[in-house]
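# An overview of the molecular structure
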Amino acid sequence: MNDQAPIGVYPNPRKTTSVRRLGVLDVAALREAVLAIPEATWDAENAGKPNRFDALDRTRHIVFRFVDDFRDWRGSHDRPLWDAWRGLLAPILDQAVAPYGYARADFPRVMLARMAPGGVIKPHRDANPAAKWPHKIHVPLLTNPQVTFYVDGVGHHFAEGEAVEVNNMGVHAVQNAGETDRIHLIFEYFDLDQPDPDWVHLIES
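The following paragraphs examine the structure supplied in this document. Nothing here was measured: the structure is a model prediction, and the numbers come from that model. (Residues numbered from 1 in each chain as written. Predicted model: local features only at pLDDT ≥ 70, side-chain atom pairs only at ≥ 80, totals over all residues. Heavy atoms only, no water.)

## Remarks on the overall build of the chain
Across its full length, the chain carries 4 helices and 12 strands. The C-alpha atoms of the chain give 16 Å as radius of gyration, which agrees with the globular expectation for 205 residues (17 Å, within 12%). Viewed in the frame of its principal axes, the chain has a C-alpha envelope of about 45 × 35 × 35 Å. Considering the chain as a whole, with its 205 residues, one finds that 52% of them fall into the buried category. Partitioning the contacts of the chain with sequence separation of at least 6, the portion at a separation of at least 24 is 79%. (Helix = DSSP H or I, 4+ residues; strand = E, 2+ residues; numbered from the N terminus. Rg over C-alpha atoms; globule rule 2.2 N^0.38 Å. Buried < 20%, exposed > 50% of the residue type's maximum accessible area, 1.4 Å probe, protein only. Contact = heavy atoms within 4.5 Å.)

## A few points about the sheet that holds strand S8 (residues 147-151)
Sheet strands line up and pair through hydrogen bonds in the backbone, either parallel or antiparallel. Strand order in the open sheet formed by 4 strands is S6-S11-S8-S9, with antiparallel pairing between adjacent strands. Across the chains shown, the open sheet's two edge strands, defined by having one partner strand only, are strand S6 (120-124) and strand S9 (154-156). Averaged over all adjacent pairs, the angle separating strand axes in this sheet is 25°, with direction ignored. Relative to strand S11 (residues 172-176), S6 is paired through 3 bridges, and the arrangement is antiparallel. Paired with His124 across the bridge in S11 is His172. (Pairing = 2+ DSSP bridges. Axes fitted to C-alpha atoms, helices over the stretch in contact; angles between N-to-C directions.)

## Some details on the pairing of S11
Of all 5 residues in S11, 4 are buried; the element is thus mostly enclosed. Summarising the sheet, S8 and S11 pair through 5 bridges and their orientation is antiparallel. Among the inter-strand pairings, Val151 is bridged to a residue of S11, identified as His172.

Below, the structure written as structure tokens:
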């Protein structure tokens, strides 16, 4: 499968060009549940994850929802753990995206990302076409002051419970220079009523 965007594919103009801070959420219940996930579950889910990109290095993931095709954000599916976690995740997702005000929207990708102390995510852009249109949002559930998220060379720190849209079209990277894990809820979000871009025929052919 070709996950590189063809020429003429531009990002959604509604997306942030740096970071957009969406507000602080009550993540206490979700955080407690995530911290109780057994290591065996992390290992098994990470081994079967669909998002295998070199830039992610040793970051582990538990993926709840994912796109059907790396070329198209409009089709997605629930993975096995979604039903069990929906009750905890859905309220957080809904609170995080309230500032956008979309009447109808979808979450094509939803996952947890866990980075060990000393971990990195290498500088990269999200190149696949399915990443071009949705907003990409992070909600830290566990972090430390030495975790830095870089967008186009500018470092940012996101507090626990703070929902933040990041520019995944810019060169972005992460470093955990602290002594504890960094665990984020990461998801994508798009407006079902926004017209498709004029380049959509390039991914449908």
